[in-house]
Amino acid sequence: ARSHADAPQPRRRTRSAPHAAMSASAVLGDAALLARASPLSSRAARGKKIKMPSRQRLAGRSRSLSRARSVLPRAAVANNVVRLTFELEGGNPNARVVGQHPALGAWNVDGGVKHGDVITIEAAAARSLEYKWHDGTRWENGENRKLVLPSTGDASSLMALAVRDAGVSFVEPPTVVRPPAPQQQQQQQQRQQHQQHNQQRPQHHQSQPQQRQPRKWEPSSAREAPRHLANTMDRSHSNGDGPPAWYSNAVVYAIQTLGFCDCEGPPSNFAPGDRLERLIDDGWLEHVARLGCTVLYLGPLMKTSNELGHGYDTADYFDVDPRLGSVATLRRVVDAAHFLGIRVILDGVFNHTGRDHFAAQDVYRNGRASQYWDWYYAREGPNGIELEGWEGHAGLPRLNHSNPGVREHLFEAGKFWLSERGVNIDGWRLDVAHEVPPEFWRDFARACLDVKPDCVLLGELMHGDYNAHVAPGVLHSGTNYQLSKALWSALNDANYWELAHSYERDASMYGNLTLLNFLGNHDQMRIHSRLANPEAHYSLAAASLILGRGVPCLYYGDEVGERGAPGGPNGDLAMRMPINLSRALADGDGLGTAKQTAELVRLRRSHTALADGAGHQIPLAHTNTTMAFARVSSDGSDVAVVCFNCSGVPERMTLPISQKVQSCGDGCGFVEPLNGGAGIGVAGGELHVELAPNSFRVFVRS
């Protein structure tokens, strides 16, 4: 084994874009192994099924989900890919693994992998890894460690391995080491306090006493990013007041939690249970990761009132609904998502509560004598106390956001779920944000960003000018309802003029914003029911969503062809029903649709011009049945061209690329990633593209 003294000269660490090397077939397939490496015995568990940690182990906030993972069925993958995490017993925050593999820094200390971070490598290219620990100033004592990656006997596998090293000692360097600056000392003290706080954190219980006073969230002594987020994910903040970079480059996967868990409706109709764990047990989190999505958005899951139970009638802003589990249950899900490199945002219903909220109950009991009278828009009616409901719904009493008590209560809730003492989520989707004054969101944002500076605040915006709520110091992003309809109706009506107009309107009014785009959600008919010809047009709709400007959001089940429309025996529930994932992927059509979706996500994430949600989108040409636009990264360094044909006959497009994109003059070359990298060049200032019936093509500048 080579010691660190014999290491080659340091060289800059390079790493490809996340999942860029993974083909569409590598994202979905039949079986794979999730195993755990032994505590540095240079061996790893092979094929042994490992159960998830029990609730008791994780309720005390042990954040070592990477030590044990479930083995879940998958589809065959094309590459032997390994997701690998290293942990050092004792949790030195400065410790990092440095080794000969480029992903470990090629013996460059600055390029090493920090304790708890995750890297992705192709096992075929590295059957063993040599490495040592470095604590920021000193190398580990002794010879290099060597990790032999396990073989599954199947080249088509995907593994997640965790290595936990103990008994590491460090050698003092021969040169004088300067003491850390005062600011660094303070940060080290904060990290130590943070670790002590985590070790002493009390357990959360299944149920809590009935609330009579607003709960107060108390901040921890240090604020750190989630340890288990993949090292390949961008953790940087935005430049200025925009969204964090990880959100601008994200692909979101949305799940309407109660419907997904088959327990939407009056809570008395359902027994309590940890239904939320089906995200882990049924393979959904791994499915989201294989699709290439980087953010999981979970619909409302806080404890609801007994009357409605659909999630938007909150009874307790500090507890998980018993139908779904407990705070500890959600914490396990968030930890598991973070291990897979997926951030998590929750639905915050802060415009109104349910009638079982403690403040509403106090008003109903005590009338004007209640200390919470001004929390709502209350009045004395002929039949007793009445609370004004959202859009006339009596079961959803509106909150008075100018009341100091309401503001403090909601700010504490926002901070709690973002914090390590809560669940450590990464942001909020804020229900009917357009009906809450921007001044409230400004103060809410300040409170949340104080706890987690790189969190995202996404407002549900259905009406009005989005610029009023998505603005510096207010919200980072909003739901782009004005674009949503055109993404599917342009296909049904063979009218790309509509979509082109919507894109142009979006650019003129909201070109400075990074909005969340979607084909459907829990309130709308599913896209496979909405499209007149889903077999021919789903891929076109998905391509316009995933490859366009902004942040794409996939709604659970759409990627496997799920259908759902209101008006039948299930009513609105038809858009948010439980799905048997294994059965859906066993169906040839469902698996094919999932592969199409995964291929689009991989394509987006592999090329900066497409991945940059805040980049530019430039219209090139359109007719009733054809459309093309260019995507240009924010810094202008990368260009892509996307072309569509929604007709049943071949079409030819002539695109004035040089006129619209100055950096693409004659001789500029493009390659087609979905066609084996075939080339095409600009001639006479134009690109000439042939399109098959009901197809799209994507070209990226070579």
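Residues numbered from 1 in each chain as written. Predicted model: local features only at pLDDT ≥ 70, side-chain atom pairs only at ≥ 80, totals over all residues. Heavy atoms only, no water.

Trainee: Would you explain the overall build of the protein in this entry?
Mentor: Secondary structure assignment for the protein yields 19 helices and 29 strands. Taking all 702 residues of the protein together, the buried fraction comes to 57%. A sequence separation of at least 24 residues applies to 71% of the contacts in the protein between residues at least 6 apart. Carbon and sulfur atoms make up 48% of the accessible area of the protein, which totals about 27,500 Å². (Helix = DSSP H or I, 4+ residues; strand = E, 2+ residues; numbered from the N terminus. Buried < 20%, exposed > 50% of the residue type's maximum accessible area, 1.4 Å probe, protein only. Contact = heavy atoms within 4.5 Å. Areas by Shrake-Rupley, 256 points an atom, 1.4 Å probe, with all protein chains shown as cover.)

Trainee: What exactly am I supposed to notice about the sheet that holds strand S29 (residues 695–701) here?
Mentor: Adjacent strands of a sheet form backbone hydrogen bonds with each other and so pair up, either parallel or antiparallel. With antiparallel pairing, the six strands of this open sheet are ordered in space as S22-S23-S24-S29-S26-S27. The two strands at the open ends of the sheet, each matched to only one other strand, are strand S22 (616–622) and strand S27 (678–681). Averaged over neighbouring strand pairs, the angle between their axes works out to 25 degrees when direction is ignored. In the sheet, S22 pairs with strand S23 (residues 626–632) via six bridges, with the strands oriented antiparallel. Looking across to S23, one finds that His 622 is bridged to Met 627. (Pairing = 2+ DSSP bridges. Axes fitted to C-alpha atoms, helices over the stretch in contact; angles between N-to-C directions.)

Trainee: Help me understand the packing of aromatic side chains in this model?
Mentor: One pair of aromatic rings is described through two measures. These are the centre distance and the angle between the planes. Evaluation of the coordinates by the stated rule reveals 24 aromatic pairs. Judged by centre distance (5.0 Å) and plane angle (65 degrees), the ring pair of Tyr 555 and Tyr 556 falls under edge-to-face. Taking the relative accessible area as the measure of exposure, Tyr 556 reaches 0% and is therefore buried. Aromatic pair Phe 629 and Phe 644: ring centres 5.9 Å apart, planes at 45 degrees, arrangement tilted. (Phe/Tyr/Trp six-rings, centres within 6.5 Å; stacked < 30°, edge-to-face > 60°.)

Trainee: Even after reading the chapter, I still don't get the pairing of strand S15 (residues 378–381), so can you show me in this structure?
Mentor: Regular strands have side chains that alternate between both faces of the sheet. In the sheet, S15 pairs with strand S16 (residues 384–387) via four bridges, with the strands oriented antiparallel. Each bridged residue has a counterpart across the sheet, and for Glu 380 the counterpart in S16 is Ile 385. From the end of S15 to the start of S16, which pair antiparallel, there are two residues.

Trainee: Just checking my understanding: could you explain the confidence of the model for the protein for this structure?
Mentor: Detailed reading of the predicted model is not advised wherever pLDDT is low. Mean pLDDT over the protein: 81, with 76% of residues reaching 70 or higher. Note on residues 215–239: pLDDT is under 50 here. Beyond four places in sequence and across chains, it has 87 contacts. (pLDDT = per-residue confidence, 0-100.)

Trainee: Even after reading the chapter, I still don't get helix H9 (residues 358–366), so can you show me in this structure?
Mentor: Side chains that are three or four residues apart share a direction in an α-helix, a result of its 3.6 residues per turn. Looking only at H9, the buried set comprises Phe 358, Ala 359, Ala 360, Asp 362 and Val 363. Those residues of H9 that are buried lie in contact with strand S13 (314–320), S15, S16 and helix H10 (404–418). Positive backbone phi, approximately 60 degrees, marks Gly 367, located one or two places after H9.

Trainee: Whenever I open this one, unusual backbone geometry confuses me. Can you help?
Mentor: Leaving glycine out, the prevailing phi sign among residues is negative, and the prevailing peptide bond configuration is trans. Unlike most non-glycine residues, Asp 262 shows phi in positive territory, near 60 degrees. The residue Asp 262 is located in the loop between helix H5 (257–260) and helix H6 (278–281) in this model. Despite not being glycine, Asn 694 has its phi angle at roughly 45 degrees, a positive value. Along the polypeptide, Asn 694 turns up in the loop between strand S28 (687–691) and S29.

Trainee: Help me understand the sheet that holds strand S20 (residues 516–518), please; the structure alone is not making it clear to me.
Mentor: The strand order across the open sheet formed by eight strands is S19-S18-S17-S14-S11-S10-S21-S20, and the pairing between neighbours is parallel. Either end of the sheet is taken by a strand with one partner, and the two such strands are strand S19 (477–478) and S20. Sheet topology places S20 next to strand S21 (residues 551–555); three bridges connect them, and they run parallel. Counterpart to Leu 516 in the pairing with S21 is Val 551. Contacting S20 and S21, helix H15 (residues 534–546) crosses the sheet at an angle of about 140 degrees to S21.

Trainee: How should the side chain of Glu 264 be read in this particular structure?
Mentor: By the element assignment, Glu 264 lies in the loop between H5 and H6. Here Arg 576 takes part through its side chain, which lies 2.9 Å from a polar atom of the side chain of Glu 264. (Polar contact = N/O pair within 3.5 Å; in protein donor to acceptor, adjacent residues only side chain to side chain.)

Trainee: Help me understand the nonpolar core in this model?
Mentor: Generally speaking, soluble globular proteins have nonpolar side chains that are buried together. Tyr 253, Leu 330, Trp 417, Trp 428, Trp 441 and Phe 444 are the most contacted members of the largest nonpolar core, which has 139 residues in total. Those residues in contact with Trp 417 that sit more than four places away from it in its chain are Met 302, Tyr 317, Phe 318, Asp 319, Val 320, Val 327, Leu 330, Leu 346, Val 423, Asn 424, Ile 425 and Trp 428. One finds Leu 88, Leu 104, Ile 121 and Tyr 131 within the second-largest nonpolar core, a separate group that totals 21 residues. (Core = buried A, V, L, I, M, F, W, Y, C linked by side-chain atoms within 4.5 Å.)

Trainee: Please clarify how the packing of H15 against helix H17 (residues 588–606) should be interpreted in this entry.
Mentor: Each pair of packed helices can be summarised by the angle the axes make with each other and by the distance between the axes. Two numbers describe how H15 lies on H17: the axes approach to 10 Å, and their chain directions differ by 25 degrees. The orientation of H15 with respect to H17, classified from their angle, is roughly parallel. In the packing of H15 onto H17, the handedness of the crossing is right-handed. Here H15 contributes Tyr 538, Ser 539, Ala 542, Ala 543 and Ile 546 to the contact with H17, which in turn contributes Thr 593, Gln 596, Thr 597, Leu 600, Val 601 and Arg 604. Partitioned by chemical class, the residues of the contact of H15 with H17 number six nonpolar, four polar and one charged. (Parallel < 35°, antiparallel > 145°, perpendicular 65-115°, else oblique. Left-handed = near helix turned anticlockwise from the far one by under 90°. Nonpolar A, V, L, I, M, F, W, Y, C, P; charged D, E, K, R; others polar.)

Trainee: Is there a simple way to think about the environment of Val 320 in this case?
Mentor: Structurally, the position occupied by Val 320 is in strand S13. The sequence separation of Val 320 and Pro 300 amounts to 20 residues, and the corresponding C-alpha distance is 9.4 Å. What Val 320 contacts, discounting residues up to four positions off in sequence, is Leu 301, Met 302, Lys 303, Gly 325, Ser 326, Val 327, Leu 330 and Trp 417.

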